Amino acid sequence: MATWAKIERPIKDGTIVSMQAPQIVSASRSTDIPAFYADWFFDRLQKGYSAWTNPFNGIKSYVSYENTRFIVFWSKNPRPLLQHLDYLKERHIGCYIQYTLNDYEKEKLERNVRPLSERVETFKLLVDKLGKGSVIWRFDPMILTDDISVDDLLEKVLNLGDQLKDYTEKLVFSYADILSYRKVKANLEKNHIPYHEWNEEQMEEFARRLCEMNREQGWNFQLATCGEKIDVSKYGILHNRCIDGDLIARLAWDDKELMEFMKVKIEDVPAPTLFGDPELPEEAILLPHNHYFISRHRKDQGQRPFCECMASKDIGEYNTCPHLCEYCYANTTKQLALQNWEHHQKNNFSDTITGK
C-alpha cells in the first residue's frame with residue numbers, strides 16, 4: 001500500500017492538521033461520487049482538501065489535493081462530471097472513468113439508476129469530451145438469479161456492446177461472488193432476490209461465449225475480469241487493473257511530474273535507418289508523436305489478492321450511495337445510506353461527504 005507524502009495544512013477553523021497528499025485519487029470504490037457528490041468533490045478540490053472517516057476505527061482523516069495529478073472516477077451515472085471536466089483541464093489533472101453500465105432494468109436490481117438509454121447517451125457524451133480510451137465499460141457484477149441465466153446475461157451484453165462498440169476499448173466484468181461478501185448476501189436476502197452462485201463450469205462457458213461474441217460482432221474490446229481468481233486467459237481475457245498505471249501513463253504521458261512520481265520514463269522512438277525500422281523492446285507501449293514507455297505498473301499490496309490495481313487514495317465513504325442497488329456491497333442498509341444522503345444535502349459543502 002502506498003505511503004503518500006504528509007503535509008501540514010490549515011482547515012476551515014484555522015487548525016493545522018496533518019494530511020495525506022496523494023498524486024493519484026480514486027473517486028470512489030466506496031460510493032458514487034460523480035452521480036451524487038460531484039459538486040461537493042469539485043468544491044473540495046478547489047478548497048484544497050477533504051476529510052473522510054475511516055470505516056474500521058471511526059477516525060477522521062484529511063486528504064490534501066495539493067499534489068494530485070490524476071483521478072480515476074467510478075460511477076453508474078457520471079453525467080454530472082460533464083460540467084466539471086474543463087476545471088480538471090485547467091488544473092492539469094488527468095482522469096479516466098470506470099463507467100458501470102449494467103442492464104438490470106427488467107429485474108429491477110438497480111431501481112434508482114437512470115434509464116438505460118440515457119446512460120448509453122451519457123457514455124457517448126463523455127467519450128466525445130475525453131476520448132475513447134478514457135471511458136471504460138464495466139458490466140459489473142454479472143448476477144445469476146432464478147430470472148437471469150448465462151444466456152440472459154450474454155443477451156444483455158450483446159445489446160449494450162453493439163451500442164458501445166465505437167466508444168470504448170475495454171469491457172470489464174466480474175462474476176457476482178455473493179457468499180464472500182457479507183453485505184451483498186444480506187442485502188440480496190433482505191430484498192428477496194433469488195440469487196445463484198456461479199460455478200466454475202458456468203464461468204468458463206460465459207467467458208468462452210463472450211470471447212466469441214466479441215470477435216463475431218467485430219467489437220474487438222479488450223476483455224478483462226475484476227478481482228477474479230479464475231484464469232480465463234485462454235479466451236484472451238485478462239485480470240483487470242481498474243487503477244491502471246499503464247493507462248494513466250498513456251493518457252498523461254506529457255505530465256512530467258506525474259511520470260516522475262510513477263517512475264515512468266518517456267523515450268523517443270528512434271528514426272528509421274537504411275536497414276529498416278528500429279526494433280523496440282517487447283514491453284514498449286507506443287505513445288503519440290513518436291514516443292513510447294516501458295510498463296512500470298506496480299500492484300497495490302493493500303488490495304485483494306486478485307486485484308491488480310496500483311496504489312491510489314480513495315476519498316469516498318461507505319453507506320452514502322442513494323442508488324440503493326439490491327446487491328450493493330457499499331451500503332449496510334438502504335436506510336443508513338439515505339440518512340447520510342440527507343445529512344449531506346443539509347450541509348453539502350462540508351469537508352466530508354456526509355456533512356457530519
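Above this text you will find the structure in question.
These notes cover the structure that comes with them.

Rules behind the numbers
Residues numbered from 1 in each chain as written. Predicted model: local features only at pLDDT ≥ 70, side-chain atom pairs only at ≥ 80, totals over all residues. Heavy atoms only, no water. Pairing = 2+ DSSP bridges. Helix = DSSP H or I, 4+ residues; strand = E, 2+ residues; numbered from the N terminus. Contact = heavy atoms within 4.5 Å. Axes fitted to C-alpha atoms, helices over the stretch in contact; angles between N-to-C directions. 1 Å grid on protein atoms, 1.4 Å probe; cavity = no way out; pocket = protein on both sides within 12 Å on 5 of 7 lines; lining within 4 Å. Points joined across faces, edges and corners; volume = space filled by probe spheres on them. Nonpolar A, V, L, I, M, F, W, Y, C, P; charged D, E, K, R; others polar. Phe/Tyr/Trp six-rings, centres within 6.5 Å; stacked < 30°, edge-to-face > 60°. Lys NZ or Arg CZ within 6 Å of the ring centre and 35° of its normal. Buried < 20%, exposed > 50% of the residue type's maximum accessible area, 1.4 Å probe, protein only.

## Notes on the sheet that holds strand E10 (residues 170–175)
Here comes step 1: With parallel pairing, the 8 strands of this open sheet are ordered in space as E13-E12-E10-E8-E7-E6-E3-E17. One side of each edge strand has no neighbouring strand; the edge strands of this open sheet are strand E13 (238–239) and strand E17 (313–314).
Here comes step 2: Summarising the sheet, strand E8 (residues 135–142) and E10 pair through 4 bridges and their orientation is parallel. Residue phenylalanine 139 lies in a different strand from E10, and its bridge partner there is phenylalanine 173.
Here comes step 3: Helix H7 (residues 200–216) rests against E8, E10 and strand E12 (222–225) of the sheet, and its axis sits at about 165° to E10.

## Section: the layout of surface pockets
Here comes step 1: The calculated volume of the second largest pocket comes to roughly 530 Å³.
Here comes step 2: Along the wall of the second largest pocket there are 17 residues; nearest its centre are Lys89, Ile93, Gly94, Cys95 and Leu251.
Here comes step 3: Counting only elements with at least two residues in the lining of the second largest pocket, the list comes to helix H3 (85–90), strand E7 (94–100) and helix H4 (116–130).
Here comes step 4: The leading source of residues in the lining of the second largest pocket is H3, at 4 residues.
Here comes step 5: Among the residues making up the lining of the second largest pocket, the classes are represented as 8 nonpolar, 3 polar and 6 charged.

## Some details on the packing of aromatic side chains
Here comes step 1: Counting across every chain of the model gives 20 aromatic pairs.
Here comes step 2: An aromatic cluster is built from Phe41, Phe42, Tyr65, Phe73 and Tyr87, whose rings are joined through pairwise contacts.
Here comes step 3: A cation over an aromatic ring shows up here: arginine 44 above the ring of tyrosine 49, its NZ or CZ 4.6 Å from the ring centre.
Here comes step 4: Stacked on the ring of tyrosine 318, the Lys or Arg lysine 183 has its end atom at 4.8 Å from the ring centre.

## Observations regarding unusual backbone geometry
Here comes step 1: Residue alanine 27 is joined to serine 28 through a cis peptide bond whose omega torsion reads 0°.
Here comes step 2: Turning to its location among the elements, serine 28 is positioned in the loop between strand E3 (24–27) and helix H1 (33–36).
Here comes step 3: Note that the residue after aspartate 140, namely proline 141, is joined by a cis bond; omega there is 0°.
Here comes step 4: For proline 141, the location among the structural elements is in strand E8.
Here comes step 5: The backbone of histidine 192 sits at a positive phi, close to 60°, despite the residue not being glycine.
Here comes step 6: Turning to its location among the elements, histidine 192 is positioned in the loop between helix H6 (182–190) and strand E11 (195–196).
Here comes step 7: Judged by relative accessible area, which is 70%, histidine 192 ranks as exposed.

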